[in-house]
Amino acid sequence: MIYLLIVYCIVILIIGLGCSKNNLFSPSVMTSSIWLGCLLLFVCLKHPLPELKSTFILSNFIWISGLCISSLVVQSATFPNQNLNEPNKLIQNILLILSIIYFPSLLEFAQRAVLTGGTGSWAMNLRLAALGKLPGFKEPYGGIEVIIWQVSFLLELLQFKKKTWWRLALISFIYLSFGFFTMAKVIFMNFFLFSCCVLYFKKVIKMKHILIGLSILLVFFFGLQSVRQAVKFSDVHEDFFVTYILSNMSAFDTLQPASAEHWGENTFRFIYAVAYKMGISNIEPVETILKWIYKPVLTNTYSGMYPFFVDFGYWGVLIFSLILGSLYGWAFRKAQMGNNFHILLYAIFLNVIFMQYAAELLFTNLAGYFKLFIGLSIPFLFTKKNLDIAINKVQKIRKQH
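Residues numbered from 1 in each chain as written. Predicted model: local features only at pLDDT ≥ 70, side-chain atom pairs only at ≥ 80, totals over all residues. Heavy atoms only, no water.

Observations regarding the overall build of the protein chain
Moving on, step 1. When helices and strands are counted, the protein chain shows 15 helices and zero strands.
Moving on, step 2. Here the C-alpha atoms of the protein chain give a radius of gyration of 22 Å, agreeing with the 21 Å that 2.2 N^0.38 yields for 401 residues.
Moving on, step 3. Taken along the three principal axes of its C-alpha coordinates, the protein chain extends 70 × 55 × 50 Å.
Moving on, step 4. Scored against the burial criterion, the 401 residues of the protein chain give a buried share of 51%.
Moving on, step 5. Considering only residue pairs separated by 6 or more positions, the protein chain has 73% of its internal contacts joining residues 24 or more positions apart. (Helix = DSSP H or I, 4+ residues; strand = E, 2+ residues; numbered from the N terminus. Rg over C-alpha atoms; globule rule 2.2 N^0.38 Å. Buried < 20%, exposed > 50% of the residue type's maximum accessible area, 1.4 Å probe, protein only. Contact = heavy atoms within 4.5 Å.)

Some thoughts on the packing of aromatic side chains
Moving on, step 1. A complete count under the given rule lists 35 aromatic pairs for this structure.
Moving on, step 2. A network of ring pairs unites the aromatic residues Trp 63, Trp 263, Phe 268, Phe 308, Phe 312, Phe 320 and Phe 363 as a single cluster.
Moving on, step 3. Between Arg 112 and the ring centre of Phe 137, over which it is positioned, the NZ or CZ distance is 4.2 Å.
Moving on, step 4. Above the plane of the ring of Trp 166 lies Arg 167, whose end atom (NZ or CZ) is 5.9 Å from the centre. (Phe/Tyr/Trp six-rings, centres within 6.5 Å; stacked < 30°, edge-to-face > 60°. Lys NZ or Arg CZ within 6 Å of the ring centre and 35° of its normal.)

A few points about the pattern of salt bridges
Where charged atoms of side chains with opposite charge meet at close range, the side chains can pair.
Moving on, step 1. A full pass over the atoms with the stated rule returns two salt bridges.
Moving on, step 2. In this structure, the salt-bridge partner of Arg 112 is Glu 108, at a minimum N-O distance of 2.8 Å. Of this pair, Arg 112 and Glu 108 both sit in helix α4 (residues 89-116), separated by four residues, roughly a single helical turn.
Moving on, step 3. Close ionic contact of Glu 156 with Arg 167 constitutes a salt bridge, the shortest N to O distance being 2.8 Å. With Glu 156 in helix α6 (residues 144-158) and Arg 167 in helix α7 (residues 165-181), this pair connects stretches of sequence that are eleven residues apart. (Salt bridge = Lys/Arg side-chain N within 4 Å of Asp/Glu carboxyl O.)

Considering α4
In an α-helix there are 3.6 residues to a turn, and that puts residues three or four apart on one side.
Moving on, step 1. Given a rise of 1.5 Å per residue, 28 residues ought to cover 40 Å, and the 41 Å separating the end C-alpha atoms of α4 matches this to within 8%.
Moving on, step 2. Taking the largest bend as the criterion, α4 deviates by roughly 25 degrees, centred on Tyr 102, and proline Pro 104 comes between one and four positions later.
Moving on, step 3. Those residues of α4 not exposed but buried are Ile 91, Gln 92, Leu 95, Leu 96, Ser 99, Phe 103, Leu 106, Phe 109, Ala 110 and Ala 113.
Moving on, step 4. For α4, the elements touching its buried residues are α5 (122-130), α6, α7 and α14 (366-381).
Moving on, step 5. Its side-chain oxygen 2.8 Å from the backbone nitrogen of Leu 90, Asn 88 forms the N-cap of α4. (Expected span 1.5 Å × (residues − 1). Bend = angle between axes of the 7 residues up to and from the residue. Polar contact = N/O pair within 3.5 Å; in protein donor to acceptor, adjacent residues only side chain to side chain.)

Notes on the packing of α6 against helix α8 (residues 185-201)
Moving on, step 1. In the contact formed by α6 and α8, the axes pass within 10 Å of each other and the chain directions differ by 30 degrees. Between α6 and α8, the interaxial angle falls into the category roughly parallel. Judged by the sense of rotation from one axis to the other, the crossing of α6 with α8 is right-handed. Contacts between α6 and α8 involve Gln 150, Phe 153, Leu 154, Leu 157 and Leu 158 on the former and, on the latter, Asn 190, Phe 191, Phe 194, Ser 195, Val 198 and Leu 199.
Moving on, step 2. Residues belonging to the contact of α6 with α8 are distributed by class as follows: eight nonpolar, three polar and no charged. (Axes fitted to C-alpha atoms, helices over the stretch in contact; angles between N-to-C directions. Parallel < 35°, antiparallel > 145°, perpendicular 65-115°, else oblique. Left-handed = near helix turned anticlockwise from the far one by under 90°. Nonpolar A, V, L, I, M, F, W, Y, C, P; charged D, E, K, R; others polar.)

With respect to the environment of Ala 347
Moving on, step 1. Topologically, Ala 347 is positioned in helix α13 (residues 340-354).
Moving on, step 2. Here Ala 347 falls in the buried class, since its relative accessible area comes to 0%.
Moving on, step 3. With 195 residues separating them along the chain, Ala 347 and Ser 152 place their C-alpha atoms 14 Å apart.
Moving on, step 4. Dropping the residues within four chain positions of it, Ala 347 is found in contact with Leu 154, Phe 194, Cys 197 and Val 198.

Considering the packing of helix α2 (residues 27-44) against α13
Moving on, step 1. Two elements in contact, α2 and α13, have axes whose closest approach is 10 Å; the angle formed by their N-to-C orientations is 25 degrees. By the angle class used here, α2 and α13 are roughly parallel. Seen along the crossing, α2 lies across α13 with a hand that is right-handed. From α2, Pro 27, Met 30, Thr 31 and Ile 34 reach across to α13, where they touch Tyr 346, Leu 350, Ile 353 and Phe 354.
Moving on, step 2. Looking at the contact of α2 with α13, its residues break down into seven nonpolar, one polar and no charged.

Considerations on the confidence of the model for the protein chain
Detail in the predicted coordinates should be disregarded across regions flagged by low pLDDT.
Moving on, step 1. Mean pLDDT for the protein chain: 89, with 92% of residues reaching 70 or above.
Moving on, step 2. The weakest mean pLDDT in the protein chain belongs to helix α15 (residues 384-400) at 59; the strongest belongs to helix α3 (residues 54-75) at 97. (pLDDT = per-residue confidence, 0-100.)

Following this line, the structure appears as structure tokens:
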């Protein structure tokens, strides 16, 4: 069955490339490529994991079909080209200044983590602090400063000019420092995907540059893992692919369809969290960090299909693959039209699309992404041109009445 799924991914990949004008970052191309790579690694690498069961194979087939087909249908539609091309320069400057102002708090976080951690490894101390597992530390990923760093980096990358190269260099250093001080590979991957997406849509880089970048990033990840675990660099690669790529598929096979305690508690975690905080409901929201399992492998990631499968079974995987595919297809088509705001918006979605092999990010962290979308929208909405258009519309309405 796994070989049939591999062939199916290849077919979808070819169709996706044809329908997306060979754009490597279209939702269908990304989704089929990601799962094709995971499945090929599962077949080709030596590992202790059992064969994939029908639970994963069927769910993955439904997921790929729904997401890819819906995205291809939506991206073939025609949408109006909105005037969201040039961000407000003043707001862009303010965001860069705020990024600098928040940077000392990151240094303070790192210093406290290294000094108060008791693991004997400065890198492990940083990682445990970032996960909130050291006394007095909370996870730093949801802070307003992280959103400011992300939006500022995207804007500086989009508006890069040789004369002001230092602006992009500065925010890049700050954002990469955040990844280093939290020992989080996902931050570096996020930085890489942001950069590749924007530069690819702006026709600055090509496929060969992305492949070179991926190779360098993989070597860097090996190095970071070696530092975190205090092991030799040569020993890291042995378990890296099993732990971070293959284990998600095997872990999914341990799940039971529609086994959630409460209706939609994973998919609609945001609603449960708001209701609980307001005192409307006494049902606590599920944790964003999922429970660990020890067989067939130690992991707590189950792929991006997890919340929909656990909440609603196979029907949930189908319905939400169609919903997400339509959303990604719309964002991709708007980015394809060359609108700068939608290129940056799709760069954010691209991170969610890429990480589907490991975990679901959008619904699980809906509040955080909502804040990020607002932060990205403000510089494009509050421009002189858009404000003038809004004022003229208001004046016309007043004259009519």
